[in-house]
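Here's the letter readout for the chains.
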Amino acid sequence: MTYTTPTGSSAGDGYARAMAHLDGVTWPPAPIRTERLILRAAEARDREPMLDLFSDEEVHSYVGGPEPREHLDELMPAVPGQRPGFFVVERDGEAIGIVTLDRREARLGHVRPEGGEAELGYMLLPRSWGHGYATEACAAAMEWFRSALPEEPLVVSTQLKNTPSLRVIEKLGFEELGRYEEYGEPQWFGAWPLRPRNP
């Protein structure tokens, strides 16, 4: 999975290109409530949890490593992650992670020739691991995406040795489309099947 950090370093035209797949979609949507979680747009109170999330070594074991907290603190705006496709995951009033729907970069693994598909990503703070929150949060974001853009493909990728992520991906219903090597590690790539059109 790939992520855009919620700092000021990727703002402006880069965000506009990255989020082209959400053109015409009202953002932010109303908060999405599941049995145990709330998915919502970022707020100022999320800054400290986002600093924790993006500087945590465990969280970033399979996604290129963490960024130094001091560096993130210099770059991160007062309200982090203010862009379409960036959901904060809240549990009992506290931010515990994120789910993202970003445009897949020009790299291996695509379902259409021109690329640019929406790609699912997620990260949770380690204290929230092992409770099924990742699956619950991602499923809610995916349903929102399918309702907003029913004809748009949704893809996902992860390192093959990231077995917890692979279990989440399987539970969410993604179908494997291929494997490839990137950053010196074998990667799994798949897509969420589009619903059949009504006759």
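Here is a short report on the structure shown in this document. Given the structure is predicted, the values throughout are model-derived calculations rather than measurements.

1. Brief notes about the packing of aromatic side chains
Alright, step 1. Scanning the model with the defined rule gives three aromatic pairs in all.
Alright, step 2. Their ring planes at 70 degrees and their centres at 5.0 Å tell us that Trp-27 and Phe-87 sit as a pair that is edge-to-face. Placement of the pair is Trp-27 in the loop between helix 1 (13-18) and strand 1 (32-33) and Phe-87 in strand 3 (residues 86-91), with a sequence separation of 60 residues.
Alright, step 3. Given the relative accessible area of 1%, Phe-87 is considered buried.
Alright, step 4. With a centroid separation of 5.4 Å and an interplanar angle of 80 degrees, the aromatic rings of Phe-87 and Trp-144 are classed as edge-to-face. Highlighted residues: Phe-87 in strand 3 and Trp-144 in helix 4 (residues 133-148), separated in sequence by 57 residues.

2. A look at the pattern of salt bridges
Alright, step 1. Considering all chains together, one arrives at 16 salt bridges under this definition.
Alright, step 2. Asp-73 serves as the salt-bridge partner of Arg-47, at 2.7 Å between the closest nitrogen and oxygen. On the criterion of sequence distance, the pair formed by Arg-47 in helix 2 (residues 47-54) and Asp-73 in helix 3 (residues 69-75) is long-range, its members being 26 residues apart.
Alright, step 3. Looking at Arg-47, the relative accessible area reads 18%, which means it is buried.
Alright, step 4. A salt bridge links Glu-152 to Arg-112; the shortest N-O distance between them is 3.5 Å. Taken together, the positions of Glu-152 in the loop between helix 4 and strand 6 (154-159) and Arg-112 in the loop between strand 4 (94-103) and strand 5 (118-124) put the pair 40 residues apart, joining distant regions of the chain.
Alright, step 5. Put simply, Arg-40, Glu-43, Arg-45, Asp-46 and Glu-90 are held in one network by salt bridges that share partners.

3. Digging into the side chain of Glu-119
Alright, step 1. Checked against the element boundaries, Glu-119 lands in strand 5.
Alright, step 2. On the basis of relative accessibility, which here comes to 2%, the residue Glu-119 falls in the buried class.
Alright, step 3. One polar contact links Glu-119 to Arg-104, side chain to side chain, over a distance of 2.7 Å.
Alright, step 4. In terms of polar contacts, Glu-119 uses its side chain to reach the side chain of Ser-157, at 3.0 Å.

4. Examining helix 2
Alright, step 1. A large share of helix 2 lies buried, amounting to six of its eight residues.
Alright, step 2. Turning to helix 2, its buried residues are Arg-47, Pro-49, Met-50, Leu-51, Leu-53 and Phe-54.
Alright, step 3. Residues of helix 2 that are buried in the fold lie against helix 3, strand 3, strand 4 and strand 5.

Calculation notes
- Residues numbered from 1 in each chain as written.
- Predicted model: local features only at pLDDT ≥ 70, side-chain atom pairs only at ≥ 80, totals over all residues.
- Heavy atoms only, no water.
- Phe/Tyr/Trp six-rings, centres within 6.5 Å; stacked < 30°, edge-to-face > 60°.
- Helix = DSSP H or I, 4+ residues; strand = E, 2+ residues; numbered from the N terminus.
- Buried < 20%, exposed > 50% of the residue type's maximum accessible area, 1.4 Å probe, protein only.
- Salt bridge = Lys/Arg side-chain N within 4 Å of Asp/Glu carboxyl O.
- Polar contact = N/O pair within 3.5 Å; in protein donor to acceptor, adjacent residues only side chain to side chain.
- Contact = heavy atoms within 4.5 Å.

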